[in-house]
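Examining the three-dimensional arrangement
Residues per chain, in single letters:
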Amino acid sequence: MTAMAHAPMPTDDEILLDYFLALEPPQGFRAELIDGRIFVSPAPDGDHEDAIDMILSQVYELSKTKMQSSGNKGLELAIWGTSPKDHVIPDITFAPRELRLFRGAPSWMPSDGVAMVAEVTSTKPNGDRKTKRLSYARAGIPLYLLVDREKATTVLFSEPKDGDYTETHLVPFGKPVPLPAPFSFDLDTSEFL
């Protein structure tokens, strides 16, 4: 009798990642894999997109460093433990234009070089408030801007360390949020009112 060599059985995490990467959400929806769970979100409403435009306009006009942005860029984020890497699609991903970070990038790119991600709350605000915040911090993304429409606040998280951000600057809509370098300007949040 001869022994047959067998390929190792895939782990649950590998099966989950393969399933996620093969997933084709319905038109207008997007899927993300965070902390070993798959989240599917519908297309955002007009107020969400208006807030996105207000952020983009100010960054392009006022940032001391010229920025490039993407509203649909998949990020593959390093995480701790044995779970598959998080696969997130921030509402906005910013990187210094001189890096040309998005040029030639795969669908799911690493977050190296990303200066800031921004989220505007919509159907699952707790995901933006905690789940994504922790994912971005674990990946070492320097700045996370959260426009929380339900709480009428804007929060800038900074200084990622040990799996979370150590600095939090929260203001009500109408008050400016100082964005540090490489942006180096005060974001006007009155436009979110």
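Preceding this paragraph is the structure being described.
So, here's what we can say about the structure. Just so we're clear, the structure is a prediction, and the values are computed from it rather than from any experiment.

**Describing the pattern of salt bridges**
- If you walk through the whole model with that rule in mind, you get 10 salt bridges.
- A salt bridge links Glu32 to Lys132; the shortest N-O distance between them is 2.9 Å. Of the two residues, Glu32 is situated in strand E1 (residues 30–34) and Lys132 in helix H3 (residues 125–138); the sequence distance between them amounts to 100 residues. The same class applies to Glu32 and to Lys132, which are both buried.
- Across the salt bridge formed by Glu76 and Lys85, the nearest N and O atoms sit 3.9 Å from each other.
- With relative accessibility at 41%, the residue Lys85 sits in the partly exposed group.
- Among the ionic contacts, a cluster of salt bridges with common partners joins Glu32, Glu119 and Lys132.

**Points about H3**
- Helix length check: H3 (14 residues) gives 19 Å between terminal C-alpha atoms against 20 Å at 1.5 Å per residue, within 8%.
- Pro125, Asp128, Arg129, Thr131, Lys132, Arg133, Leu134, Ser135, Tyr136, Ala137 and Arg138 are the residues of H3 that are buried.
- Following H3 by one or two positions, Gly140 has its phi on the positive side, about 80°.

**A word on the packing of aromatic side chains**
- The full count for this structure, using the stated rule, is 6 aromatic pairs.
- Aromatic pair Tyr136 and Tyr144: ring centres 5.0 Å apart, planes at 70°, arrangement edge-to-face.
- The class for Tyr144 is buried, based on a relative accessible area of 0%.
- Through successive ring pairs, a cluster of aromatic residues spans Tyr136, Tyr144, Phe157 and Tyr165.

About the cut-offs
- Residues numbered from 1 in each chain as written.
- Predicted model: local features only at pLDDT ≥ 70, side-chain atom pairs only at ≥ 80, totals over all residues.
- Heavy atoms only, no water.
- Salt bridge = Lys/Arg side-chain N within 4 Å of Asp/Glu carboxyl O.
- Helix = DSSP H or I, 4+ residues; strand = E, 2+ residues; numbered from the N terminus.
- Buried < 20%, exposed > 50% of the residue type's maximum accessible area, 1.4 Å probe, protein only.
- Expected span 1.5 Å × (residues − 1).
- Phe/Tyr/Trp six-rings, centres within 6.5 Å; stacked < 30°, edge-to-face > 60°.

Remember, this is a structural readout, not a statement about activity or role.
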